[in-house]
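These are the residues of each chain, in order.
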Amino acid sequence: MNNPDVLFSSERQDWETPQEFYEKLNQEFNFDIDVCATAENAKCKNYFSPEQDGLTQVWEWEGTCWMNPPYGNAEYPCKPNCKKMICKKRGYHIAEYVPGISDWIRKAYESSLYGATVVCLVPARTDTEWWHEYCMKGEIRFVRGRLKFVGAKAAAPFPSAVVIFRPIKKKAANNRQQQK
């Protein structure tokens, strides 16, 4: 393969978790909410949609959380003086910050500090800062083989992992709830 960017890019950020794969984890964890979903790919009856913006919600009060986040990197807005509809640097214009996988993993880990259990399906990108900063603090289960996401023509071109952030401080969750 001549273009390594292919391994880390996708025209879509909403690939649905394979049902059989999800069901095995659901039997173990009994998920209450999908914190990063659309109506088309939600795995739980309760879910945070893009309009609800799961990154701004409080997860630890929702029960056991399932998360298959967008796998892309965060994208920062163009400079304020950029008036182009197509920027030379990336080929398209961005007016506002677009969260990436590092934002979702940080939210999952931080939610565990306040009492949430968050089970995350992520690419096994062990060389990234977000992996070392957050995933290494959770329980890591590497997925054997390559997952074929619902609607994909072929298996993913990258390995996957399930990262589990278990509640670290139940007491902190109670204190946080009392502050509200």
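The structure presented is a predicted model; accordingly, all values stated were derived computationally and were not measured.

J.: Got a minute to help me understand the overall build of the protein in this structure?
T.: Broken down by element type, the protein carries four helices and six strands. Looking at the protein as a whole, 43% of its 180 residues are labelled buried. Counting only contacts in the protein whose residues sit at least 6 apart along the sequence, the fraction spanning at least 24 positions is 66%.

J.: Quick question: what am I supposed to make of the pairing of strand 6 (residues 160–165) here?
T.: In regular strands, side chains alternate between the two faces of the sheet. Extensive coverage of strand 6 is indicated by the burial of six of its six residues. Pairing of strand 5 (residues 139–142) with strand 6, which is carried by four bridges, proceeds in the antiparallel orientation. Counterpart to phenylalanine 142 in the pairing with strand 6 is alanine 161.

J.: How do you make sense of the nonpolar core when you look at a structure like this?
T.: In summary, soluble globular proteins display a tendency toward joint burial of nonpolar side chains. Judged by nonpolar contacts, the single largest core of 42 residues is most densely connected at Trp59, Met67, Ile105 and Cys120. Elements supplying a minimum of two residues to this core: helix 1 (19–29), strand 3 (64–67), helix 2 (101–113), strand 4 (117–123), helix 3 (129–133) and strand 6. Residues within four places of methionine 67 in sequence aside, it is in contact with Val35, Cys36, Trp59, Trp104, Ile105, Ala108, Val118, Val119, Cys120 and Leu121.

J.: Before we go on, may I ask you to explain the pairing of strand 4 in this structure?
T.: In terms of residue burial, strand 4 counts as a mostly covered element, since seven of its seven residues are buried. Burial along strand 4 is two-sided: the residues Thr117, Val119, Leu121 and Pro123 and Val118, Cys120 and Val122 are all buried. Across four bridges, strand 3 lies against strand 4 in parallel orientation. Within strand 4, the residue paired with cysteine 65 across the bridge is valine 118. Pairing of strand 4 with strand 6 involves six bridges; the strand directions are antiparallel. Looking across to strand 6, one finds that valine 118 is bridged to phenylalanine 165.

J.: Would you explain the packing of aromatic side chains in this entry?
T.: Any pair of aromatic rings gets described here by the distance separating the centres and the angle formed by the planes. The tally for this structure, following the rule as stated, stands at 11 aromatic pairs. Aromatic pair tyrosine 22 and tryptophan 66: ring centres 5.4 Å apart, planes at 75°, arrangement edge-to-face. Residue tyrosine 22 is located in helix 1, and its partner tryptophan 66 is located in strand 3; the two are separated by 44 residues in the primary sequence. For the pair shown, tyrosine 22 and tryptophan 66 are each scored as buried. Within the aromatic cluster, the residues linked to one another by ring pairs are Tyr22, Phe29, Phe31 and Trp66.

J.: Got a minute to help me understand the sheet that holds strand 4 in this structure?
T.: Backbone hydrogen bonds are what pair the strands of a sheet, in a parallel or an antiparallel way. Reading across the sheet, the six strands line up as 2-1-3-4-6-5 and stay open at both edges, with mixed pairing between neighbours. With one partner strand each, in any of the chains shown, strand 2 (46–47) and strand 5 form the two edges of the open sheet.

J.: Looking at this structure, how should I read the side chain of lysine 107?
T.: Looking at where lysine 107 falls in the secondary structure, it is placed in helix 2. The buried charged residue lysine 107 lacks any salt bridge, with glutamate 60 as its nearest oppositely charged partner at 5.9 Å. Residue contacts for lysine 107: discarding those within four places in its chain leaves Gly54, Leu55, Gln57 and Trp59.

J.: Can you walk me through the environment of glutamate 110 in this structure?
T.: Within the fold, glutamate 110 resides in helix 2. With a relative accessible area of 36%, glutamate 110 lands in the partly exposed category. Once the C-alpha coordinates of glutamate 110 and isoleucine 168 are considered, the two residues, 58 residues apart in sequence, prove to be 9.6 Å apart.

J.: Please clarify how the environment of cysteine 36 should be interpreted in this entry.
T.: Of note, cysteine 36 is situated in the loop between strand 1 (33–34) and strand 2. Along the chain, cysteine 36 and tryptophan 66 lie 30 residues apart, while their C-alpha atoms are 8.0 Å from each other. Those residues in contact with cysteine 36 that lie beyond four places of it in its chain are Phe48, Met67, Asn68, Pro69, Pro70 and Trp104.

J.: Where do I start with the confidence of the model for the protein in this structure?
T.: Parts of the model with low pLDDT should not have their predicted coordinates read in detail. Looking at the protein, pLDDT values average 84 and 82% of them are 70 or higher. Counting interchain partners and residues more than four positions distant, the pLDDT-below-50 stretch residues 1–9 has seven contacts.

Each value, and the rule that gives it
- All residue numbers refer to position in the chain's written sequence, counted from 1.
- Local features in a predicted model are, by the rule used here, given only for residues with pLDDT of at least 70; side-chain atom pairs are given and counted only at 80 or more, and totals for whole chains, interfaces and linings are based on all residues.
- The basis for the side-chain values is all heavy atoms of the structure; hydrogens and waters are excluded.
- Helix and strand labels come from DSSP, where a helix needs a run of H or I of at least four residues and a strand needs a run of E of at least two; each type is numbered from the N terminus.
- Throughout, exposure labels follow a simple rule: accessible area from a 1.4 Å probe, protein chains only, divided by the maximum for the residue type, with under 20% read as buried, over 50% as exposed, and the rest as partly exposed.
- The contact rule is simple, with two residues in contact once any of their heavy atoms fall within 4.5 Å.
- Any two strands with at least two DSSP bridges between them are considered paired.
- As used in this record, nonpolar core signifies buried Ala, Val, Leu, Ile, Met, Phe, Trp, Tyr and Cys residues forming a set joined through side-chain atoms within 4.5 Å.
- Pairing of aromatic rings covers Phe, Tyr and Trp, the last through its six-membered ring, and needs centres within 6.5 Å; plane angles under 30 degrees mean stacked, over 60 mean edge-to-face, and all others mean tilted.
- Only four residue types enter the tally: Lys and Arg on the positive side, Asp and Glu on the negative side, with His and both chain ends excluded.
- In the sections that follow, a salt bridge refers to a side-chain nitrogen of Lys or Arg positioned within 4 Å of a carboxyl oxygen of Asp or Glu.
- The predictor attaches a confidence to each residue, called pLDDT, with possible values from 0 through 100.

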